[in-house]
Amino acid sequence: MMEKIKSWVSDYIRSVLESTIRVAVVSSTDPAAATVRVTVPDGDGLVSHDLRVLVRKVHKDKDYWMPDIGDQVLCIFLPFGLEQGFVAGSFYSEPDPVPVKSQDKRHVEFSDGTTMEYDRKTHHLDVNVKGTITVHADGAVLIDSGESVTVTAPRIDLN
């Protein structure tokens, strides 16, 4: 009798987890609401309702990111089906390989080729922007270097 109960509990927990935590593919995005809809590959092509995208901070400081259509994401659904839930994040896989293989690097890469990478081991920050960089400051802007500063440009305007 005890084995039947253990088996039933185990099966029940497995079914709840399988319906709660799912891998899906983003099918549409609503950037203004920070929500996405996903297609669950193992669910006969079912499309979710709007899911909120989890971010690191929203109250005093704000962090924002949106997965792209086609991104594989890990979803956490409330136990009512595909109506309510969250996108926990994206993850690397064979079609989307890891861009950097170092524990010491923080790397951000955009689809236009712009990259930002910090290596905490070498203390090196590399920013490669494919467009314009604009810096706005309400206060002073200070550049303080322990070594030389090199500026290379076809034209330099100082006011």
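Residues numbered from 1 in each chain as written. Predicted model: local features only at pLDDT ≥ 70, side-chain atom pairs only at ≥ 80, totals over all residues. Heavy atoms only, no water.

Draft legend 1. Just the overall build of the chain, in detail. Per the secondary structure count, the chain includes one helix and nine strands. The helix and strand sequence of the chain, counted from the amino end, reads α-β-β-β-β-β-β-β-β-β. Taking 159 residues into account, the globule formula puts the C-alpha radius of gyration at 15 Å, and the chain, at 23 Å, lies well above it. Dimensions of the chain, computed from the C-alpha atoms along their principal axes, are close to 80 × 35 × 35 Å. If you take every contact in the chain between residues at least 6 apart in sequence, the share linking residues at least 24 apart comes to 36%. With the model as given, the accessible surface of the chain reaches about 13,100 Å², and the carbon-plus-sulfur share is 55%. Taking the average location of the 17 positive side-chain charges in the chain and that of its 24 negative ones, the two points are 6 Å from each other. (Helix = DSSP H or I, 4+ residues; strand = E, 2+ residues; numbered from the N terminus. Rg over C-alpha atoms; globule rule 2.2 N^0.38 Å. Contact = heavy atoms within 4.5 Å. Areas by Shrake-Rupley, 256 points an atom, 1.4 Å probe, with all protein chains shown as cover. Lys, Arg positive; Asp, Glu negative; His and termini not counted. Charge placed at Lys NZ, Arg CZ, Asp CG, Glu CD.)

Draft legend 2. Spotlight on the sheet that holds strand β7 (residues 105–109). Sheet architecture is open: three strands sit in the order β7-β8-β9, paired in antiparallel fashion. Each edge of the open sheet is held by one strand with a lone partner, namely β7 and β9 (124–128). Ignoring strand direction, the axes of neighbouring strands in this sheet form an average angle of 5 degrees. Sheet topology note: the β7/strand β8 (residues 115–119) ladder contains five bridges and is antiparallel. Along β8, the bridge assignment pairs valine 108 with methionine 116. (Pairing = 2+ DSSP bridges. Axes fitted to C-alpha atoms, helices over the stretch in contact; angles between N-to-C directions.)

Draft legend 3. View of the environment of valine 127. Relative to the assigned elements, valine 127 resides in strand β9. Using a relative accessible area of 44% as the deciding quantity, one classes valine 127 as partly exposed. For the pair valine 127 and arginine 37, spaced 90 residues apart in sequence, the C-alpha to C-alpha distance is 32 Å. (Buried < 20%, exposed > 50% of the residue type's maximum accessible area, 1.4 Å probe, protein only.)

Draft legend 4. Inspection of the pairing of strand β6 (residues 85–90) at higher detail. In this structure, strand β4 (residues 51–53) lies alongside β6, joined through two bridges in parallel fashion. Across the sheet, valine 53 pairs through a bridge with valine 87, a residue of β6. Both strand β5 (residues 72–77) and β6 contribute to a ladder of five bridges, which runs antiparallel. When the bridges of β6 are listed, leucine 74 appears paired with glycine 89.

Draft legend 5. Region of the structure containing the environment of histidine 49. On the secondary structure map, histidine 49 appears in the loop between β3 (46–47) and β4. Look at histidine 49 and you get partly exposed, because its relative accessible area is 41%. Expressed as a C-alpha distance, the spacing of histidine 49 and arginine 37, which sit 12 residues apart in the sequence, is 5.8 Å.

Coordinates in, geometry out; function isn't part of it.
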